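# Structural description and commentary
This is what each chain is made of:
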Amino acid sequence: MASESITSVLKEKRQFKPKKEFAASAHIKSMAEYQRLYKKAEKDPEKFWGDLSKELHWFKPWKKVLQWKLPYAKWFVGGKTNVSYNCLDRHLDTPRKNKAAIIWESESGETRTYTYQQLHREVCRFANVLKGLGIVQGDRVTVYLPMIPELAITLLACARIGATHSVVFAGFSASALRDRINDAGAKLVVTADGGYRKGEVVLLKEKVDEALKEAPSAQKVVVVQRASTPVSMQMERDVWWHDLMKGVSGQCPAAPIDSEHPLFTLYTSGTTGKPKGIVHSTAGYLLGAMITARWIFDLKETDTYWCTADIGWVTGHSYILYGILANGVTTVMYEGAPTYPQPDRLWEIVAKHKVNVFYTAPTAIRALIKLGKEWPEKHDLSSLRLLGTVGEPINPEAWIWYHEVIGKKQCPIVDTWWQTETGAIMITPLPGAIPSKPGSATLPFPGISADVVDRSGKSVPANVGGYLVIKKPWPSMLRGIWGDPERYEKQYWLDIPGAYFTGDGARRDRDGYFWVMGRVDDVINVAGHRLGTMEIESALVSHPVVAEAAVVGRPDDIKGTGIAAFVTLKMGNTPDDGLKETLKKHVGTVIGAIARPDEIRFAEALPKTRSGKIMRRLLRDIAAGVETVGDTTTLEDLSVLARLRQDDES
Ligand code: PRX
């Protein structure tokens, strides 16, 4: 954990109360109702979650709500359920049968709609395909697909038969994919020939071919034809989706799955070079995603809901797919880039599908602000009734723009704090109940014991910075790191005694509102995506000219945090702009474009403490321009500054 003290500089005073008309028909209608729920959950969390769980369909009821032996929780012990059944079958005997489950919008503007019944049929067919390929309960399936309906179908089909899915964001490189397939020991990979991004075809199958050269566990590859781009199909191993689906039955009973069975793993960055596979459960995860989606997005039967995330991230898992379909609501899924072919693409889609609830990331909002309000103003956005953000703290200016230009001052904004590990939203306004303050995720969801503490685990007073922790288990919490229990304990449970440590710094104000101030570890949050600085450093050092590298975050107007890399070269290499480009590209190839440094600085040496630790604080200051180092543009002698700083950091 970083040792630097956390001080908060945000002093936002504005408050936006829920409008009366909105509150009147909201799921949670007032602050008093929120407080009642919160207290009830706090007093008897097991009863609170146990009661809510009864709405799910159970093949076998659970015997015990919670079995908790720090840091391992089991929820709904002994129960058997099925996520796919709860998201699909449960709705088929209701008027939702012929309601749109997914409205898919392609980058080129084509629309494909699946009703609940149609989606059910496709999921059953693909579940039968999976069975035919020898996939059984407990097998891992890696999914490397663009944002097309087959992605949703694949996940729901895995859930139907109890295979654990592991989605790898399609922007990741072949080597990142290889490492994730190997770590999960996946038997099957589902991919596409290619995917569309800004009008170009991204070649996915090619990357899978590359990855599988060193990923022996994957014996089969199913390929969706999306881009009609030529691919090489390896006999025996590679099969086309459309060939497999021909003539397959649309009936496949959902398997009764143990509450604790891993529904999925999802890789995220941590403080070491190796990404960790966060493991999520079946019943607890689904309950968390379903209830939070309902109360926070205030979902109504008639809503068209749209989350702009990619299913390659946890936001897409919980709030494009599972949480929304479990509520029987219509979810929009968009294939392409937010500003393609024009900066008004998002608003065009909102108007076209009359979206009511819209969930996006602050980085997207900031990018759209830059492009000008004339783009949203071209479209009728009057269908919108609720807006949400996720991924990083939203700066108050962006909040206000979102509120005024997109929401026309009529829509509440839910700033939702959570993580891959938490599975579901943890700190957030409930839009009919909790007044918003721009920049604050406000208050914890009922049943979530969030707090800000010092290193010893003691709550800190109001407006004092500290570590954001969760003090009690919750149903959608991670169950571990795939194959690495030691890392799970160390990473989350040892820093602060008795609590789950989020890795974030925060403060609470006098109203108890949480103000999340960002990571306090060596993880940076770039455009709402989490990246470990170590991971990028390892990628840089894997280039033959690099001797050593240190990566830090630096403020960025759009992305929140940009990536700055300090690099020392091996003898005989010339630091020049060409090499900077080469190294940026190299990181893109090793990890993926999201990890590409914004800036590379060559240094003769990296500043280190006497014990050999890189002085990141110093590098952060330099990257942010707080500390200037001579006028050298390429070669920086950081050792001078390091010597000056040694005493206070070692
Ligand atoms: O630092 C917090 C930030 O994003 C981290 C979680 O990243 P990830 O697991 O990739 O999940 C992102 C989507 C859930 C957190 O530790 N973060 C997320 N939402 C917020 C946030 N920081 C401030 N406010 C938020 N609303």
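Up top is the structure.
The residue numbering used here restarts from 1 in each chain and proceeds along that chain's sequence as written. Reporting of local features is limited, given that this is a predicted model, to residues whose pLDDT is at least 70; pairs of side-chain atoms are given and counted only at 80 or more, and all residues count toward the totals for whole chains, interfaces and linings. Hydrogens and waters are ignored; side-chain quantities use all the structure's heavy atoms.

## Details of the packing of helix α3 (residues 45-53) against helix α10 (residues 283-296)
- Packing of α3 against α10 leaves a shortest axis separation of 11 Å and a crossing angle of 85 degrees. Compared by their axis directions, α3 and α10 come out roughly perpendicular. In this structure, α3 contributes Phe48, Trp49, Leu52 and Ser53 to the contact, and α10 contributes Leu287, Ile291 and Trp295.
- Grouping the constituent residues of the contact of α3 with α10 by class yields six nonpolar, one polar and no charged. Interaxial angles span 0 to 180 degrees and are taken between N-to-C directions of axes, which are lines fitted to C-alpha atoms, for helices over the stretch in contact. Each helix is a run of DSSP H or I of at least 4 residues and each strand a run of E of at least 2, with the numbering of both proceeding from the N terminus. Roughly parallel here means an angle under 35 degrees, roughly antiparallel means over 145, roughly perpendicular means 65 to 115, and every remaining angle is called oblique. In this description, contact between two residues means that some pair of their heavy atoms is separated by no more than 4.5 Å. Gly is placed with the polar residues, together with every amino acid not listed as nonpolar (Ala, Val, Leu, Ile, Met, Phe, Trp, Tyr, Cys and Pro) or charged (Asp, Glu, Lys and Arg).

## Considerations on the site of the ligand
- Throughout this document, a residue counts as near a molecule or strand when at least one of its heavy atoms sits within 4 Å of that molecule or strand. In the region of the ligand, 17 residues are neighbours, and Asp415, Thr416, Thr420, Asp504 and Arg530 sit closest.
- Pairing of N or O atoms within 3.5 Å defines a polar contact, subject to two protein rules: one partner must be a possible hydrogen donor and the other a possible acceptor, and residues neighboring in sequence count only if both atoms are side-chain atoms. Within the side chain of Asp415, an N or O atom sits 2.7 Å from a nitrogen atom of the ligand.
- Surface accessibility in these figures is a Shrake-Rupley result with a 1.4 Å probe; residues are shielded only by whichever protein chains are displayed. Considered on its own, the ligand offers 550 Å² of accessible surface; in the complex 96% of this is hidden by protein.
- Looking at the shell around the ligand, the elements with two or more residues in it are α11 (314-325), β21 (413-416) and β26 (514-519).
- Residue composition of the shell around the ligand, by class: six nonpolar, six polar and five charged.

## What to know about the packing of aromatic side chains
- Between 30 and 60 degrees the pair is tilted, below 30 it is stacked and above 60 it is edge-to-face, where a pair is any two Phe, Tyr or Trp rings, Trp via its six-membered ring, whose centres lie within 6.5 Å. Evaluation of the coordinates by the stated rule reveals 30 aromatic pairs.
- For the pair Trp347 and Phe358, a centre-to-centre distance of 5.5 Å together with 50 degrees between the ring planes defines the contact as tilted. A residue pair is termed long-range when its members are at least 10 positions apart, and Trp347 in helix α12 (residues 345-353) and Phe358 in strand β19 (residues 357-360) qualify at eleven residues.
- Only protein chains enter the accessibility calculation, which uses a 1.4 Å probe; a residue whose area is less than 20% of its type maximum is buried, one above 50% is exposed, and one in between is partly exposed. Accessibility expressed as a relative area gives 1% for Phe358, which makes it buried.

## Examining the pattern of salt bridges
- Here, a salt bridge means any Lys or Arg side-chain nitrogen found within 4 Å of an Asp or Glu carboxyl oxygen. This model, assessed by the stated rule, comprises 45 salt bridges.
- Of the charged contacts, one joins Glu535 and Arg180 as a salt bridge, the two residues approaching to 4.0 Å between their closest N and O atoms. In this pair, Glu535 sits in helix α17 (residues 533-541) while Arg180 sits in helix α7 (residues 174-184), placing the two residues 355 residues apart along the sequence. Each member of the pair Glu535 and Arg180 is classed as buried.

## What about the sheet that holds strand β25 (residues 500-508)?
- Strand order in the open sheet formed by four strands is β22-β23-β25-β26, and the pairing between neighbours is antiparallel. With partners counted over all chains shown, the strands left at the sheet margins are β22 (450-453) and β26, one partner each. Between one strand axis and the next, the sheet turns by 45 degrees as a mean value, whatever way the strands run.
- Note: two strands are recorded as paired if DSSP finds a minimum of 2 bridges between them. Examined bridge by bridge, strand β23 (residues 466-470) and β25 share four bridges and lie antiparallel to one another. Paired with Gly466 across the strands is Ala506, a residue of β25.

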